[in-house]
Each structure stands twice: as C-alpha cells, then as structure tokens.
Amino acid sequence: MTKIPLVLQKIKQLSKFASDTFFPNDIKCIVCDYELKYDNKYGLCDKCVLPHNSNFCKICGSNINGIVDICQFCKREEFDFEFARSPLVYQDAVKDLIRGYKFGHKAYLAPFFAQFLIKCYIENNLQVDFVTFVPIHISKLKTRGYNQSQLVAQNFVDFLKLELVDCFIKAVQHNDTARLNRKQRFELLKGVMHLKMDIIPYIENKSILIIDDVFTTGATVGQLSKILKSAGALKVYVLTIASGHAWIK
C-alpha cells in the first residue's frame, strides 16, 4: 500500500478543517431546513425572516397594531413586574418553532431562542441580580424531558455570565388552559406556584428577571412577579421569546 507523504496528510487535514469551519455540514435553517453555509447565532437562512415585535406595549410588551404606547388592557389593569419584553411576535413561523420546541422534543432550539432574548436584554439596558424561570409540574417535566423556559434561561445566563436561580415549585398541573382569559387564568393559578423555602431569604431587595416562552395574558408571569414582590423583591422584569397581540387579552 502506498503511503501518503506526511506533508500531503497535513494539507488534507488543513483543507478539511477549513471546509468544516467555513462551510460546515448539517447546519440547517431552523425554519425551512435549508443547509446553511455558515453557522449563525439565530439559526436562520437569508430567506427566512421571523416577525419581530417592533411595535409593542411599553408595559406588557404585547404586540400592538397602531401608534399607542400602552395597550388598552394595561390602561385598566396593573402587573407586579416593571415591564415585560418579547423580541418576537407569536405568529406564523415563530408559533411553529415554539410549538415544536415545547411539544416536538426540539430542545436544540433553546440556544437560538436565547440569542433573541440576549439581544432584547441588552437593548433594554436591563441589569438584574439574578435570573429565574417559569416552573412546570413534575409530571410534565417527566413527559417532556426538560423545562423549556429553564433551558432557554440556562443558555441565556451562560452567555451573559449571570446567575440562574430555581425559585419556584408548581404544585398542581392544569390542562387545557389555552382558551382561558387572563382573569380565569389568574384564578386558576392561585396557590398553584410557590417559592422554594430556601430561596425566600435570597429575594429581598433584589432585581430579578423571569424568563418564559410566550407572553399571552401575562397571568403566569404576573402571578410569579406578585409572589416575588411579596417576598421583598425590589424589581421584577420579564423576558419571553414571543408575545401575542394585545387584543387577545
């Protein structure tokens, strides 16, 4: 058998390294599966554009059609968080991606979602003492294999070098809540989520960020914010991957 000269082996290795680095295989657009010529932090090809939440309520962050600063709901009601923000609108490809992430075992989407939240965090000049996330019931965790909000939050804090604290326990699992309005969801969530006992002394005078997947009525993050404020939190902020339209509430 003819041996390949050492210099040719090195050239071949360098060529493969360059090819893998600049033209990697199996990197596909998260929306259309088109093979990407290079890796990017959002996982999108040049043709796929996600609906960005550029016109939103300054309090709840929900998408608004119009030129008002505050949605009709936030003019009537109050949340316990300072404000919520979502980089994307929960429609079209975003809705499909999040549903696949939550129900289709597509955990690999977490780092891409985290990148959108990181950009949103920086743009809003947020500074917090630590980050937490919306809990899920143990039965759902066993079925799904991961808490979708926790997984995004972990990627988020790893990049920004922030602390992630597991604050909450969800004691009861309710099904079929998608069609409930905010008032009904708030009633359903009473007594469902609690602070972990060992976390309570850690809350006082802290600025805290809650991360979740989707902001719809705001009932869940609103309830968690209320719990944190009652425990002495100084400020609470919310970031979600996407939010619905303000009129949905």
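Every residue gets a number counted from 1 within its own chain, in the order that chain's sequence is written. Only residues with pLDDT of at least 70 are given local features in this predicted model, and only at 80 or more are side-chain atom pairs given and counted; all residues enter the totals for whole chains, interfaces and linings. Hydrogens and waters are ignored; side-chain quantities use all the structure's heavy atoms.

A. Focus on the overall build of the protein. Only DSSP runs of H or I reaching four residues or more are called helices, and only runs of E reaching two or more are called strands; each is numbered from the N terminus. Helix and strand counts for the protein stand at eight helices and seven strands. Accessible area is worked out with a 1.4 Å probe on protein chains only. A residue is then buried under 20% of its type maximum, exposed over 50%, and partly exposed in between. A burial count over the protein gives 45% of its 249 residues as buried. Only heavy atoms matter for contacts: two residues are in contact if any of them lie within 4.5 Å across the pair. A separation threshold of at least 6 residues defines the contact pool for the protein, and within that pool the share at least 24 residues apart is 72%.

B. Geometry of the packing of aromatic side chains. Geometry of aromatic contacts follows a simple scheme: Phe, Tyr and Trp rings, the Trp one being its six-membered ring, pair when their centres are within 6.5 Å, and the pair is stacked under 30 degrees between planes, edge-to-face over 60, tilted otherwise. For the structure shown, the criterion picks out ten aromatic pairs. Summarising the aromatic geometry, the rings of Y101 and F113 are spaced 5.3 Å apart at their centres and angled 70 degrees between planes, so their arrangement reads as edge-to-face. Of the two residues, Y101 sits in helix 3 (residues 92-103) while F113 sits in helix 4 (residues 110-123), which places them twelve residues apart along the sequence. Of the two residues, Y101 and F113, neither departs from the other in class, the shared state being buried. By way of ring pairs, the aromatic residues F73, F79, F81 and F215 are connected into one cluster. Looking at K58, its charged tip hangs above the ring of F56, at a distance of 4.8 Å from the centre. Note that K206 overlies the ring of Y202, its terminal NZ or CZ placed 5.0 Å from the centroid. Cation placement over rings: the criterion is NZ of Lys or CZ of Arg within 6 Å of the ring centroid and within 35° of the ring normal.

C. Representation of the environment of F159 in the model. Mapping F159 onto the fold places it in helix 6 (residues 148-160). Measuring from C-alpha to C-alpha, the distance between F159 and Q115 comes to 8.8 Å, with 44 residues separating the pair along the chain. Apart from the residues lying within four places of it in its own chain, the contact partners of F159 are Q115 and I118.

D. Focus on the nonpolar core. In this text, buried Ala, Val, Leu, Ile, Met, Phe, Trp, Tyr and Cys residues form a nonpolar core when linked through side-chain atoms within 4.5 Å. Within the largest apolar cluster, 41 residues are counted, with the highest numbers of intra-cluster contacts made by L44, F113, V152, F156, L209, I211 and L239. When residues of this core are traced back to their parent elements, those giving at least two are helix 3, helix 4, strand 3 (130-133), helix 6, strand 6 (207-215) and strand 7 (235-243). It is helix 4 that provides the largest number of residues to this core, a total of nine residues. Formed by 30 residues, the second largest nonpolar core is a distinct cluster that contains F81, F130, F215 and A246.

E. Seen up close, the state of the cysteines. Put simply, a disulfide is two cysteine sulfurs that come within 2.5 Å. One pass over the structure, following the stated rule, counts zero disulfides. Left unpaired, C48 is separated from the closest cysteine sulfur, that of C45, by 3.6 Å.

F. Broad picture of the environment of T217. Tracing the sequence through the fold places T217 in the loop between strand 6 and helix 8 (219-230). Since its relative accessible area comes to 5%, T217 is described here as buried. With 155 residues separating them along the chain, T217 and S62 place their C-alpha atoms 9.1 Å apart. We define a polar contact as two N or O atoms separated by no more than 3.5 Å, with the added condition that, inside protein, one atom must be a possible hydrogen donor and the other a possible acceptor, whereas residues neighbouring each other in sequence contribute only through side-chain atom pairs. Only 3.3 Å separates the side chain of T217 from the backbone nitrogen of A219, close enough to count as a polar contact.

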